[in-house]
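# Coordinate analysis (summary)
Listed below are the residues making up each chain.
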Amino acid sequence: MEFAVLGGLEVRSPTGGVTIRRGLPRTLLIALLLRPGQTVSSDVLVEVLWGDNQPRNPANSLQIQVSYLRKTLGSADPEAASLLATRAGGYALTIDPECVDAHRFEALTRRFPALAGLRSTAALRSALDETTAGLDLWRGPALEEVADAEFARGDITRLEELRWSTIERRIDLLLRLGEHVTAASDLSELVQLMPLRERLHEQRVLALYRSGRQADALRAYEEARKTLAEELGLDPGENLRRLESAVLRQDPALDWGEPDEPDASPTETRDPVTVPRPARLPVPLSGLIGRDTELTRLTDLLGKHRAVTLTGPAGAGKTRLAIELATRRAGAVWYVDLSPIDDPALVAPTCAAGAGVAVAPGDDPLRALADTLASREGLLVLDTCEHLLAGASHVASTVLRSAPDIRVVATSRRALGLSGEIAWPVPPLELPPADTTDAAEITNHAAVRLFVERAQAVRADLAIDDQAAADIAAICVALDGLPLAIELAAARCDVLSPGAIRTRLSDRFDLLVDGDADAAERQQTLRAAIDWSFALLSDDQRHLFARLGVFVGTFDLDAALTVAGAGLAAPLELLASLVKQSMVSRAGQERYRLLDTLRAYALDVLAELDADDTRDRHAEYFAALAERGEVAIRGPEQLDWLDHLRSDTNNFRAALEWSLHTGDTERAAREAGALAWFWTLNGMLTEAIEHLERLLRSENIPAATRARCEWGYALLAASLGRLETARLSGYRAAELGRDAHDVAATGYGLNAAAVAEWALGHHDHSLRAHAEAIELLAKIEDQWGLAICKVLQARTLFDQRDAGAGRVAREGVEHARLAGDLHVLGIALTQIAQMSIADGDPRAAVAAATEALGLQEQIGYTEGSVSALHVLGHAHRLAGDLEAARGLHRRAVSLASTIGHAAAMCEALEDLARVEAAEQPALARRLLRAARAERQSRSLPLRERDAEELAALEDALPTTGDDPTADLPFASLVADLTT
């Protein structure tokens, strides 16, 4: 059975053609045909077929495609089904490479004799026949059906380059045989197909001249010159310029001469060849810090795979890591630095020279390199490939296919696209945790160790105390753990302290400018390092990269495409290309980010483009996202949407600030009003209330939007203990809702007012407000609004010892279940638990409160968790488990303090006093006194039943040994309890 991929895929059996279904089966077959006889891992094949959009069960889906291929191949020839073999970890097409036209073509080209060694007409004619036979295998572009697939890019580049080299060889043979007219005719078409291949232009000028058409030859040169100038901005190469001069003076050396007879020995006709010395691995002047884990992983990968490419952004340390990996590896190592060259035609000769390979004049340097390494064993290191990706890929692919015992390690901003290549992103150096304050602990992390070592190299007396360590840690975090940026920052310690460097990082590109003099130019300043990468982007890639700088933190695909704007073609493909080129990083499932340093660079570029328009698109997108999220976090998609909104917290802040900065208070109010409930659930009380206060001072906000802002403000103010403010704001929200004929806004405002009335002890007012809200929300069948109103109404009824409280709470549970809101369901269960305590059933209370706590923790609602802990601790205390109760109430103190919830902190201290009364009466008395003083200072009333109970408890506490001077201020007492 034969397979053809030089054009559209064809499968031919002895009985005729075999039709393979288009799509995944043909892609799978081509992927296997590229490595005949070799095992291709299942992971690689899954990536080839589905990329980032993998099915739920990739292994099963892959097996389905394999089964189809086996069945189809077997339908033409029963024995052919066994060609597709299952191997450990993957699959293999067990065929002879000669069965695949691409491999036959490559094998044929490897056998081509050097032109310099062909002296007779017979030898030249035989070589022409072989060359023509190879080209006859081509029916169209290589791997035509997977032309856009990433896995095939390297093979396509290599095969197409080999095809054109063979075409040029055929023309050379025609010229050597004196068939100038045929060559000139063929070349007139070839230069149209590949106008940037100078060799074709050279051949055309020579063919026309030898055909007696000197004027046409000169016109052909002029056409070549214009084409190169217009397309590349380059002058013709030296060979083409010399050829023009020779044509002008009718140099006799251009005339054709008949081949000599007989053939001369190739070794007798070659010019002397100088054998270059292999390039040595650079010897680093300092030790490698913090890369032991990475080196272990890379050593393991290189043992299993023949091609490993270290990818990552500028300054990630790819080159240094590759050199260290090669240094630790036993056996021969050939190192090639591609950074000094920018001409793709120089890649192969540079690699040959770096490997110490002799190349005779007229010979193909890549073929010479591959033939030399074919019998060797070792490691070829190709350093800095991103600006010569196609050439580096072609060299690496050819060497790997010709030399079975050679492995390749490359460094590049993006993968080379080789078949079977492992692209390994170089991670940043290990950073210290944000909450670490001890110098010894901070300096135990790799990023900080690198900074300290490089800093002390320029300032030996640099002392690292806790403050200096904290400053250095902040610098390393701000620089994303990138080794180059950290080294450049450390070098400034010769004149600046770590604290001064930290404060100046907003101007990092002007600050970080003193790299080592012996480093590559692009590594001597931070800006130069990124300039190198940025220069390799297309205009559209640059524009998208710059616009992505407006995102603060991570962003998703929809946000990126919106911010990209309408002026960019195929923004999805542009984003994918930026990810592959390490200019944009993945940040979890379907989210992306720019490293802070790259973001700073992007914003510099954006300032010269369309910064205001881009920020407007960003602000409008996140205002609209907030409005969608406002509804979604109250329903069955609550958890997913809470995660979504939390992921974009920093973007919401940036969007809100931009709207306020530009005077678009309406958009700012839309966003803030929509986020109010999210901010409440997320415990962002202080920050959120500052935003809303700022907006509510503005005048130009529509009534419905202002109503939502007032409602959110009321909820937040109540949580912070500003009860009278919350009450008034709730009623204002309701009034604005009525003015705007917005029933939901009116009901939500009344609910907020009712909450404040309850907290102030105005139970009758609270019940009236809730009753009106429930009536309004029932008309529009707002299950969420009804749920929260019923649950909170039940709380007030319970405090009034109303027998109907339980029924109302259960109604709230039903509405919450219909709405799908776990948060409100948790509040309802907390109320039911509290009622079970009042009924003398602590076991039922523990069950309900435990479920409530689990729900609130699941959604991350801190205030709800504190309420559930309060009730759960009470239930355990009444059940006699004081240790469990003590732990729960201490945890409630800690959580309430993290969100600044004054009333909840007071309540938790009072709860602890109940627990400690028997064993530590002095502590209990201090807790009660502190809570009472805080309530008085903030006007936070106690529930009637709690006030009676706590007063009785304090009266019953013995005063013996009580030391009033031991009392701590409220804040200090809370801090002691949370440590």
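Criteria and cut-off values
- Residues numbered from 1 in each chain as written.
- Predicted model: local features only at pLDDT ≥ 70, side-chain atom pairs only at ≥ 80, totals over all residues.
- Heavy atoms only, no water.
- Helix = DSSP H or I, 4+ residues; strand = E, 2+ residues; numbered from the N terminus.
- Buried < 20%, exposed > 50% of the residue type's maximum accessible area, 1.4 Å probe, protein only.
- Contact = heavy atoms within 4.5 Å.
- Areas by Shrake-Rupley, 256 points an atom, 1.4 Å probe, with all protein chains shown as cover.
- Lys, Arg positive; Asp, Glu negative; His and termini not counted.
- Charge placed at Lys NZ, Arg CZ, Asp CG, Glu CD.
- Expected span 1.5 Å × (residues − 1).
- Phe/Tyr/Trp six-rings, centres within 6.5 Å; stacked < 30°, edge-to-face > 60°.
- Core = buried A, V, L, I, M, F, W, Y, C linked by side-chain atoms within 4.5 Å.
- Pairing = 2+ DSSP bridges.
- Axes fitted to C-alpha atoms, helices over the stretch in contact; angles between N-to-C directions.
- Patch = residues over 30% accessible without salt bridge, like charges linked within 9 Å, V, L, I, M, F, W, Y side chains within 5 Å.
- Salt bridge = Lys/Arg side-chain N within 4 Å of Asp/Glu carboxyl O.
- pLDDT = per-residue confidence, 0-100.
- Polar contact = N/O pair within 3.5 Å; in protein donor to acceptor, adjacent residues only side chain to side chain.
- Parallel < 35°, antiparallel > 145°, perpendicular 65-115°, else oblique.
- Left-handed = near helix turned anticlockwise from the far one by under 90°.

With that settled, consider the overall build of the chain. Across its full length, the chain holds 46 helices and 14 strands. With respect to the three principal axes, the spread of C-alpha positions in the chain is 125 × 75 × 55 Å. Considering the chain as a whole, with its 979 residues, one finds that 54% of them fall into the buried category. Intrachain contacts of the chain at a sequence separation of at least 6 include 69% that bridge at least 24 residues. Carbon and sulfur atoms make up 50% of the accessible area of the chain, which amounts to about 42,100 Å² in all. Taking the average place of the 103 positive charges on the side chains of the chain and the average place of its 145 negative ones, the gap between the two points comes to 2 Å.

Given a rise of 1.5 Å per residue, 15 residues ought to cover 21 Å, and the 21 Å separating the end C-alpha atoms of helix α38 (residues 805–819) matches this to within 8%. Every buried residue of α38 is accounted for by Ala805, Gly806, Val808, Ala809, Gly812, Val813, His815, Ala816 and Ala819. Packing partners of the buried residues in α38 comprise α37 (783–799) and α39 (822–838).

Once that is clear, we can look at the packing of aromatic side chains. Two aromatic rings, taken as a pair, are described by how far apart their centres are and by the angle between their planes. A full pass over the atoms with the stated rule returns 14 aromatic pairs. Between the aromatic rings of Phe105 and Trp138, the centroid separation amounts to 5.5 Å while the plane-to-plane angle is 85 degrees, which identifies the pairing as edge-to-face. Here Phe105 is found in helix α4 (residues 101–110), whereas its partner Trp138 is found in the loop between α5 (121–135) and α6 (153–176), with 33 residues between them in sequence. Just as Phe105 is buried, Trp138 falls in that class too. Relative to Trp784, the ring of Tyr748 lies with its centre 5.4 Å away and its plane at 90 degrees, an arrangement referred to as edge-to-face. Linking Tyr748 in helix α35 (residues 743–759) with Trp784 in helix α37, this pair joins segments that are 36 residues apart in sequence. Grouping aromatic residues by their ring pairs yields a cluster made of Phe551, Phe555, Tyr592, Tyr621, Phe622 and Phe652.

Here we come to the nonpolar core. In terms of nonpolar packing, the biggest core is built from 174 residues, with Phe451, Phe545, Leu548, Phe555, Val584, Trp679 and Leu909 touching the most fellow members. Take this core: its biggest share by element is nine residues, from helix α31 (residues 665–681). Among the nonpolar cores identified, the runner-up in size contains 43 residues, and Phe3, Leu29, Ile30 and Leu93 belong to it.

With parallel pairing, five strands are arranged side by side in an open sheet as β8-β9-β10-β7-β11. Where the open sheet ends on each side, the last strands, each with one partner, are β8 (332–337) and β11 (422–425). If you compare each strand with its neighbour and ignore which way they point, the axes differ by 15 degrees on average. Running at roughly 155 degrees to strand β10 (residues 406–411), helix α13 (residues 318–328) makes contact with β7 (307–311), β8, β9 (378–383), β10 and β11 of the sheet.

With that settled, consider the environment of Thr680. Secondary-structure assignment places Thr680 in helix α31. As for Thr680 and Tyr713, which are separated by 33 residues in sequence, their C-alpha atoms are 9.7 Å apart.

Right, let's get into a negative patch on the surface. Together, Glu430, Asp438, Glu441, Asp465 and Asp466 give the surface a local cluster of negative charge. Assignment of secondary structure puts Asp465 in the loop between α18 (446–458) and α19 (466–478).

Per-residue pLDDT for the chain has a mean of 87; in total, 94% of the residues score no lower than 70. Every residue in residues 263–275 scores below 50 in pLDDT, and together they form 20 contacts with partners more than four places removed in sequence or on other chains. Under a pLDDT of 50 for its full length, residues 515–524 has, in the predicted model, 18 contacts with residues more than four places off or in other chains.

The next thing to look at is the side chain of Gln638. When you line up the elements, Gln638 lands in helix α29 (residues 638–647). Given the relative accessible area of 1%, Gln638 is considered buried. Among the polar contacts made by the side chain of Gln638, one reaches the main-chain carbonyl oxygen of Ile633 at a distance of 2.8 Å. Among residues more than four places away in sequence, those in contact with Gln638 are Ala632, Ile633, Asp821, Leu822, His823 and Ile859.

Another point: unusual backbone geometry. The backbone phi angle of Gln250 is positive, close to 50 degrees, even though this residue is not glycine. Positionally, Gln250 belongs in the loop between α10 (238–248) and α11 (266–269).

Turning our attention to the packing of α31 against helix α32 (residues 685–696). When two helices pack together, you describe them by how their axes are tilted relative to each other and by the distance separating the axes. Across the interface, α31 lies against α32 with an axial gap of 10 Å and an inter-helix angle of 150 degrees. Between α31 and α32, the angle is such that the two are roughly antiparallel. For the element pair α31 and α32, the recorded crossing hand is left-handed. Only Leu685, Ala688, His691, Leu692 and Leu695 of α32 make contact with α31, whose side of the interface consists of Thr665, Ala668, Ala669, Ala672, Trp679 and Thr680.

Let us now look at the pairing of β11. Of the two faces of β11, only one is covered, namely that formed by Ile422 and Trp424; the face formed by Ala423 and Pro425 stays uncovered. Direction of pairing for β7 relative to β11: parallel, over a ladder of four bridges. What sits directly across from Leu310, in β11, is Trp424.

We now examine the sheet that holds strand β1 (residues 2–4). If you trace the three strands from one edge of the open sheet to the other, you get β1-β2-β3, paired in antiparallel fashion. Of all strands in the sheet, those with a lone pairing partner are β1 and β3 (16–18), marking the two edges. When strand polarity is set aside, the average angle formed by the axes of neighbouring strands in this sheet is 30 degrees. Note: β1 against strand β2 (residues 10–13), three bridges, orientation antiparallel. If you follow Ala4 over to β2, its bridge partner there is Glu10.

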